[in-house]
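Summary of the model geometry
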There are 2 protein chains.
Amino acid sequence: MDNGLLLQVYEHPLLSREEIGTICALHKKVYFRKGDFVLKEGLVADEYLILEEGLARSFVYDYNGNDITTNFFAQNEIIIEVSSLFQRIPSKENIQVLTDCICWKIDFDDFQNIYHSIAGFSEWGRAWMSQSLFESKQRAISMITDSAMKRYHKLLEEKPLVIQNAPLKHIASYLGITDSSLSRIRKATART
Amino acid sequence: MDNGLLLQVYEHPLLSREEIGTICALHKKVYFRKGDFVLKEGLVADEYLILEEGLARSFVYDYNGNDITTNFFAQNEIIIEVSSLFQRIPSKENIQVLTDCICWKIDFDDFQNIYHSIAGFSEWGRAWMSQSLFESKQRAISMITDSAMKRYHKLLEEKPLVIQNAPLKHIASYLGITDSSLSRIRKATART
DNA sequence: AAGTAAACTTGACCTATGGCAAGAAATGGA
DNA sequence: TCCATTTCTTGCCATAGGTCAAGTTTACTT
């Protein structure tokens with residue numbers, strides 16, 4: 001049940017090999033087909049996933065009904081809607097896989113048990129969350145200080161697989177620009 | 001040592017009145033004068049504050065050396081740099097008070113002790129963090145879907161005291177616009 | 001293999017916001 | 001109370017990116 005991927009994700013100075021084994025043992029393998037929803041707006045999440053293979057994105061609808069991609073998930077990353085899972089409230093976001101995916105799922109109840117019985121695990125969780133918060137803030141800062149082109153190039157560096165596999169409109173909405181603008185940015189980039 | 005403000009901040013379904021008392025007892029009152037720094041870029045935070053009276057902001061410098069306000073803290077809110085405090089790494093942000101402030105401080109070591117000994121406290125912490133993450137994401141979405149004017153009006157509703165007390169340039173950089181633009185937005189708003 | 005829908009590109013024009021610079025108003029010492 | 005800074009406003013012009021609409025190209029479906 002445990003495999004290299006999970007071991008890597010749960011690596012933490014305060015977690016022993018045995019504890020990591022216990023944590024990994026609570027995960028079950030699940031499969032998704034391109035286009036499947038992992039979570040729909042309005043529902044309460046009661047699990048999270050670790051993405052072994054494939055790509056996913058989260059998105060919301062704005063007042064005009066356009067969908068805005070809020071995040072991309074690549075291999076090794078945790079697919080989760082934190083607010084819904086931890087505050088036990090309906091999700092405001094949707095999560096959908098962009099390609100066929102292989103994931104490891106852990107249920108909230110199992111998570112809760114070890115969260116309180118393994119001290120290092122709540123440390124791990126806090127560290128993960130604090131990193132997420134940091135990245136989210138960085139994104140807001142990037143929206144303020146970087147041009148659309150720069151934001152595109154940063155994404156290209158951070159998540160090259162996304163650029164290769166996600167449709168342009170999802171990338172554009174994530175970057176906060178229109179499809180047309182992104183298409184022009186790409187054209188300009190190609191020339192260089 | 002405990003007072004209404006702290007009781008309110010630590011209110012949580014899994015925390016008993018006694019536990020909240022224990023938590024509150026670890027806080028010490030501290031004072032800041034307008035302009036004082038609570039945390040400077042490059043240092044590792046080892047405390048956080050609960051703001052009883054006054055206003056503060058966090059900010060970073062962009063590549064041109066302009067300061068970008070990343071957050072405002074109002075009464076009742078927790079002044080904290082999560083990444084630095086919980087990952088024990090140097091802060092990338094600065095935190096500075098905008099007015100004279102009265103705060104309640106708790107040291108990281110004390111926090112750590114009760115984080116692991118009071119189960120409800122780590123739940124409280126997780127809930128708080130998950131709410132912060134949600135707000136940070138909302139901010140990024142707002143940068144994408146809302147006009148500068150709308151962002152201003154939202155801030156005006158959410159933190160009216162900020163608008164009344166922070167200099168325009170801080171508000172402008174927080175909103176991701178220039179001083180001049182904000183000044184024009186205000187003018188337009190006043191007319192209506 | 002054909003047909004349809006989705007994804008992407010491109011052109012012409014438009015608009016919100018930026019950049020700069022000058023002046024007015026407010027604020028904070030000494 | 002006066003001077004020196006900040007802070008804020010405003011005008012003029014520049015520009016990144018938006019809007020709309022017409023093509024292409026690509027990718028599914030049967």
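Details of the structure are given in the entry above.
This section reports on the structure supplied with the text. (Residues numbered from 1 in each chain as written. Chains lettered and ligands numbered in written order. Predicted model: local features only at pLDDT ≥ 70, side-chain atom pairs only at ≥ 80, totals over all residues. Heavy atoms only, no water.)

Our focus in this paragraph is the overall build of chain A. What chain A contains, in helices and strands, is nine helices and eight strands. Its C-alpha atoms give chain A a radius of gyration of 18 Å, within 12% of the compact-globule value 16 Å for 192 residues. Taken along the three principal axes of its C-alpha coordinates, chain A extends 55 × 35 × 30 Å. Per-residue burial for chain A yields a buried fraction of 49% across its 192 residues. Considering only contacts in chain A between residues 6 or more positions apart, those separated by 24 or more positions represent 68%. Accessible area of chain A: about 9100 Å², with a carbon and sulfur share of 51%. Taking the 22 positively charged and 25 negatively charged side chains of chain A as two groups, their mean positions are separated by 9 Å. (Helix = DSSP H or I, 4+ residues; strand = E, 2+ residues; numbered from the N terminus. Rg over C-alpha atoms; globule rule 2.2 N^0.38 Å. Buried < 20%, exposed > 50% of the residue type's maximum accessible area, 1.4 Å probe, protein only. Contact = heavy atoms within 4.5 Å. Areas by Shrake-Rupley, 256 points an atom, 1.4 Å probe, with all protein chains shown as cover. Lys, Arg positive; Asp, Glu negative; His and termini not counted. Charge placed at Lys NZ, Arg CZ, Asp CG, Glu CD.)

The next thing to look at is the packing of aromatic side chains. A complete count under the given rule lists 22 aromatic pairs over all chains for this structure. Here Y10(A) and W124(A) contribute two aromatic rings whose centre-to-centre distance is 4.6 Å and whose plane-to-plane angle is 50°, an arrangement assigned as tilted. Taken together, the residues Y10(A) in the loop between α1 (4-9) and α2 (17-25) and W124(A) in helix α5 (residues 119-145) connect sequence positions 114 residues apart. For the pair Y10(A) and W124(A), a shared accessibility class is recorded, and that class is buried. Ring plane angle 25° and centroid distance 5.7 Å describe the contact between F111(B) and Y115(B), whose orientation is recorded as stacked. (Phe/Tyr/Trp six-rings, centres within 6.5 Å; stacked < 30°, edge-to-face > 60°.)

This paragraph deals with the interface of chain B and chain A. Each side of the interface is counted separately: chain B has 41 residues, and chain A has 41 residues. Summed over both partners, the interface of chain B with chain A comes to about 3500 Å²; 60% of that surface belongs to carbon and sulfur atoms. The largest share of the area that chain B buries against chain A comes from R126(B), L133(B) and I144(B), three residues that together contribute 19% of it. Put simply, chain B and chain A have four salt bridges between them. The partner of K137(A) in a salt bridge is E81(B), with the nearest N and O atoms 4.0 Å apart. Joining chain B to chain A, the criterion identifies 16 residue pairs in polar contact (both at pLDDT 80 or more). (Buried area = accessible area lost by both parts, 1.4 Å probe. Salt bridge = Lys/Arg side-chain N within 4 Å of Asp/Glu carboxyl O. Polar contact = N/O pair within 3.5 Å; in protein donor to acceptor, adjacent residues only side chain to side chain.)

Bringing the protein's contact with DNA strand D into the picture now. The immediate surroundings of DNA strand D are formed by 16 residues, with A148(A), S181(A), L168(B), K169(B) and R184(B) found nearest. When atoms of DNA strand D within 4 Å of the protein are split into backbone and base, the sugar-phosphate part holds 65%. The separation between a phosphate oxygen of DNA strand D and a polar side-chain atom of T178(A) is 3.2 Å. Within the side chain of S181(A), an N or O atom sits 2.5 Å from a phosphate oxygen of DNA strand D. Here the surface near DNA strand D is composed, by residue class, of four nonpolar, seven polar and five charged. (Near = heavy atom within 4 Å. Nonpolar A, V, L, I, M, F, W, Y, C, P; charged D, E, K, R; others polar.)

This part takes up the nonpolar core. It is characteristic of soluble globular proteins that their nonpolar side chains tend to be buried jointly. In terms of nonpolar packing, the biggest core is built from 79 residues, with Y10(A), Y48(A), F121(A), Y10(B), Y48(B) and F121(B) touching the most fellow members. When neighbours within four sequence positions are excluded, Y10(A) is seen to be in contact with L15(A), I20(A), I23(A), C24(A), H27(A), Y48(A), I50(A), F121(A) and W124(A). (Core = buried A, V, L, I, M, F, W, Y, C linked by side-chain atoms within 4.5 Å.)

With that out of the way, let us pick up the pattern of salt bridges. Evaluation of the coordinates by the stated rule reveals 20 salt bridges over all chains. Measuring nitrogen to oxygen at the nearest pair gives 3.8 Å for the salt bridge that ties K105(A) to D107(A). Using a relative accessible area of 18% as the deciding quantity, one classes K105(A) as buried. Taking the shortest distance from any N to any O, the salt bridge between R33(B) and D100(B) comes out at 3.7 Å. Within this pair, whereas R33(B) is found in the loop between β1 (28-32) and β2 (37-39), its partner D100(B) is found in the loop between β7 (94-97) and β8 (101-107), the two being separated by 67 residues in sequence. The exposure class of D100(B) is partly exposed, given its relative accessible area of 43%. Shared partners join several salt bridges into a network, and the residues in it are K28(A), E47(A), K105(A) and D107(A).

This paragraph deals with the protein's contact with DNA strand C. Every one of the 16 residues lining DNA strand C counts as a neighbour, but L168(A), K169(A), S183(A), R184(A) and S181(B) are closest to it. Between DNA strand C and the protein, one listed contact pairs a base oxygen with a side-chain N or O atom of R184(A) at 2.7 Å. Between a phosphate oxygen of DNA strand C and a main-chain N or O atom of G176(B), the distance comes to 3.4 Å. Looking at the surface near DNA strand C, the elements that each hand over two or more residues are α8 (168-175) and α9 (179-191) of chain A together with α9 (179-191) of chain B. Its residues assigned to classes, the surface near DNA strand C comprises four nonpolar, seven polar and five charged.

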